[in-house]
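Residues per chain are reported as follows:
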Amino acid sequence: MRLLIAEDERELAKALKTIFEKHNYSVDAVYDGQAALDYALTDNYDGAVLDVMMPKLDGFSVVRRLRARGVSTPVLLLTARSEVPDRVEGLDAGADDYLPKPFAMAELLARVRALVRRRERLVPEVISFAGLSLDVSSYTLFCGERSARLGNREFQMMEMLMETPRRIVSTAQFMERVWGWDAEVDVSIVWVYISNLRKKIAQLGAAVEIRATRGVGYSLEAKQ
């Protein structure tokens, strides 16, 4: 699952990013409302945690603009403004949940899990193609009686391939979705993960392959 965190207190933002990543989320962290809007407009997230009091744009304005543009990413507002009128304003702006500061991390994690279920209800629990299936709730790839558990990034890449079989997913799309815009990793990391996925698919004995199109990207194909 991919999250966007927008929090102008940088130390808190970094702490939240670290904790969510330890719980197998991929996270982009930004520090002002305009950056939050720019990132969220890609509609490339399973959920967003936004502070209300941010420079450039406040969290209420970010949510309103997202909803006006048709972006339905679930949003949790995280703020010290905890009065009832503030909560009502945030929910009326289009937020899905509201958590006042200070908060317990366990509660935030639970609320985010509930938040992303909105997306999960719209996505089948099992995606299948040519005899190969991916269980999105358990990160498990299986074919017949054989199965293989995928790591977080392996799962995200496999999900992208299986959602659009036979269509090419570019290296740039993988990088943006799985590692984020600001990731300080070389694009060759995509090839490494593709190689790992190919090995797991082969071990399952599936009649499926990840095919490379030179200079373009990768697609999931049924073996001829």
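Quick summary incoming for the structure in this document. Because the structure is a prediction, the values reported are computed rather than measured. (Residues numbered from 1 in each chain as written. Predicted model: local features only at pLDDT ≥ 70, side-chain atom pairs only at ≥ 80, totals over all residues. Heavy atoms only, no water.)

**Concerning the layout of surface pockets**
Note the threshold: Cavity and pocket criteria rest on a 1 Å grid covering protein atoms alone: a 1.4 Å probe that fits but cannot get out defines a cavity, protein on both sides within 12 Å along at least 5 of 7 lines defines an open pocket, and an atom within 4 Å of a point defines a lining residue. Grid points are joined across faces, edges and corners, and a volume is the space filled by probe spheres set on the points. By the criteria applied, helices consist of DSSP H or I runs no shorter than four residues and strands consist of E runs no shorter than two, each listed in order from the N terminus. We call Asp, Glu, Lys and Arg charged. Ala, Val, Leu, Ile, Met, Phe, Trp, Tyr, Cys and Pro are nonpolar, and the rest, Gly among them, are polar.
One number sums up the size of the second largest pocket: a volume of about 370 Å³. Looking at the second largest pocket, it is lined by 17 residues, and the ones nearest its centre are Met-1, His-23, Asn-24, Tyr-25 and Tyr-139. The element contributing the most residues to the lining of the second largest pocket is helix 5 (residues 105-120), with 5 residues. Tallied by class, residues from the lining of the second largest pocket come to 7 nonpolar, 6 polar and 4 charged.

**A few points about the packing of helix 2 (residues 33-40) against helix 3 (residues 59-68)**
We apply this condition: Angular values range over 0 to 180 degrees, each being the angle between N-to-C directions of two axes fitted as lines to C-alpha atoms, with helices fitted over their stretch in contact. Should an angle lie under 35 degrees it is considered roughly parallel, over 145 roughly antiparallel, and from 65 to 115 roughly perpendicular; all remaining angles are considered oblique. Two helices cross in a left-handed way if the nearer one is turned anticlockwise from the farther one by less than a right angle. They cross in a right-handed way if the turn is clockwise. In what follows, a contact means two residues having at least one pair of non-hydrogen atoms within 4.5 Å.
The geometry of helix 2 relative to helix 3 is characterised by a closest axis approach of 9 Å and an angle of 25 degrees between their N-to-C directions. Taken together, the axis directions place helix 2 and helix 3 in an arrangement best described as roughly parallel. Between helix 2 and helix 3 lies a crossing of right-handed hand. Contacts from Gly-33, Ala-36, Leu-37 and Ala-40 in helix 2 reach Val-62, Arg-65 and Leu-66 in helix 3. By residue class, the composition of the contact of helix 2 with helix 3 is 5 nonpolar, 1 polar and 1 charged.

**Comments concerning the pattern of salt bridges**
Put simply, the test is: Salt bridge, as applied in this entry: a Lys or Arg side-chain nitrogen positioned within 4 Å of an Asp or Glu carboxyl oxygen. Relative accessibility under 20% of the residue-type maximum defines a buried residue, over 50% an exposed one, and the middle range a partly exposed one, all with a 1.4 Å probe and only protein chains included.
Within the structure shown, the criterion is met by 13 salt bridges. Taking the shortest distance from any N to any O, the salt bridge between Asp-97 and Arg-111 comes out at 2.8 Å. Of the two residues, Asp-97 is situated in strand 5 (residues 97-100) and Arg-111 in helix 5; the sequence distance between them amounts to 14 residues. Looking at Asp-97, the relative accessible area reads 18%, which means it is buried.

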